[in-house]
Amino acid sequence: MLIKYGVSAGFASLGSAKNCMLASSAVLRRQQFLIRSLGGYSDHTNQERMQEIRSMSGTTLEADAENVLREITPVLDPTRHKGQAGKIAVIGGCREYTGAPYFAAISALKIGADLSHVFCTKDAAPVIKSYSPELIVHPLLEESYSISGLEDEEKRHISSKILTEFDKWMKRFDCLVVGPGLGRDPYLLECVSKIVKHARQSNVPIVIDGDGLFLVTESLDLVSGYPLAVLTPNVNEYKRLVQKVLSCEVNEQQAPELLKSLAKRIGGVTILQKGKSDLISDGEIVKSVSFYGSPRRCGGQGDILSGSVAVFLSWARTKRKSVDSPMNPTVLGCIAGSALLRKAASLAFENKKRSTLTTDIIECLGRSLEDICPAR
């Protein structure tokens, strides 16, 4: 039986497997058609009508995302010091891909994290630094081409130095984002694998996205059994995970149960399956976030999501410690990150339509959060 999160009251039971079928993609498509017929993606009247449609259709998997955002977003307190609202690190960025780690890191800051670091290759660092002075950029990682010609012992020595340097920073972070712009260079992936293992040993939450998902799909032991790991696969990445772990194909008619089985089989990690409706499971419960959204699918939105989830996950963990909440912070972080991205994307599309870019969505993150959780 699926279990539903109650934001203030903990867990309450859901219905039977019939509700899972009602959450299928076909039902969600019909809901979205009705929503569009009511006139758009973003105004509050239509959002209220959308909630009524979902209630009538019985889609009880839908998370109370706005309430989750209100519950875990901290109040702005003048007595707090720098760093208490979150310190996030993005592990990614190579010669070819410098935008993705920037999108993830700057999104964390725009939402409200105090500090955002990027650990990238030496070639990527100057480019990422040029995007924003707000980011702390570490030119730490190496790719195979930069160490070609060295003996194996020298390569191992460099790998050891990278890990030692990163360990100096590890315990300062509230969450790591692994994968945006990482690429698939073998030596680079080997170094990042060691960083992930050390993060587990330090009990640091990890959000895995992009090429980080390629890495963990090939080496599931990196995250298996680690409840503070969050995977954020897109359609193709999710198919590869399902094939690798469950040895079957994706079945849209049984999407909630399939996702729940996948998360459980990997040992209780939390998976945010991105799609028209985002599905989230930690192997025990399944939640859906399908409100808001945009028909514009520009690249980079997944990077915004990974940075957003990292911030909200860290806030949810802090909230849980202070009030002894039974809520799973990884699931709540995913619900909040998904909802905020969708709202920001809808606002950006309202203004820019077909020309909407990832940077436009990032600029709408603050307003989107303010609409739901006004700063006090």
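Residues numbered from 1 in each chain as written. Predicted model: local features only at pLDDT ≥ 70, side-chain atom pairs only at ≥ 80, totals over all residues. Heavy atoms only, no water.

As annotated in an unreviewed UniProt entry, the protein chain carries the name ATP-dependent (S)-NAD(P)H-hydrate dehydratase and comes from Melia azedarach.

Caption draft 1: Representation of the pairing of strand β5 (residues 136-141) in the model. Where strand β4 (residues 115-121) and β5 come together, five bridges link them in parallel fashion. Bridge assignment links Thr121 to a residue of β5, and that residue is Leu141. After leaving β4, the chain enters helix α6 (residues 125-131) and then returns to the sheet as β5, a path that is right-handed. (Pairing = 2+ DSSP bridges. Helix = DSSP H or I, 4+ residues; strand = E, 2+ residues; numbered from the N terminus. Right-handed = clockwise from strand over helix to strand, strands pointing away.)

Caption draft 2: Highlighting helix α10 (residues 235-246). Helix length check: α10, at twelve residues, gives a terminal C-alpha distance of 16 Å against a target of 16 Å (1.5 Å per residue), a fit within 8%. Elements in contact with the buried residues of α10: α9 (211-218), β8 (229-231), α11 (255-265) and β9 (270-273). Its side-chain oxygen at 3.2 Å from the backbone nitrogen of Asn236, Asn234 defines the N-terminal cap of α10. Taken from the residues just after α10, Ser247 is the one with a positive phi, measuring 55°. (Expected span 1.5 Å × (residues − 1). Contact = heavy atoms within 4.5 Å. Polar contact = N/O pair within 3.5 Å; in protein donor to acceptor, adjacent residues only side chain to side chain.)

Caption draft 3: Representation of the packing of aromatic side chains. Taken as a whole and assessed by the stated rule, the structure comprises seven aromatic pairs. When the ring of Tyr102 is compared with that of Phe103, the centres are 5.8 Å apart and the planes differ by 55°; the resulting orientation is tilted. Residues Tyr102 and Phe103 agree in their burial class; the two are buried. In this structure an aromatic cluster arises from ring pairing among Tyr102, Phe103 and Tyr131. Cation over ring: Arg172 sits above Trp169, and NZ or CZ is 4.3 Å from the ring centre. The positively charged end of Arg184 is found above the aromatic ring belonging to Phe214, 4.0 Å away from the centroid. (Phe/Tyr/Trp six-rings, centres within 6.5 Å; stacked < 30°, edge-to-face > 60°. Buried < 20%, exposed > 50% of the residue type's maximum accessible area, 1.4 Å probe, protein only. Lys NZ or Arg CZ within 6 Å of the ring centre and 35° of its normal.)

Caption draft 4: Seen up close, the sheet that holds strand β10 (residues 278-281). Strand order in this open sheet of nine strands is β5-β4-β3-β6-β7-β8-β9-β10-β11, and the pairing throughout is mixed. The sheet is open, and its two edges are formed by β5 and β11 (286-289), each paired on a single side. Strand-to-strand twist across the sheet, computed as the mean angle between neighbouring axes with direction ignored, equals 20°. Of the pairings in the sheet, the one linking strand β3 (residues 87-91) to β4 comprises five bridges and is parallel in character. Looking at β4, one finds that Ala89 is bridged to His117. In the packing of helix α5 (residues 99-111) onto the sheet, the strands contacted are β3 and β4, and the crossing angle to β4 comes to about 170°. Its contacts with the sheet place helix α13 (residues 329-352) against β8, β9, β10 and β11, and it is angled at close to 15° to β11. (Axes fitted to C-alpha atoms, helices over the stretch in contact; angles between N-to-C directions.)

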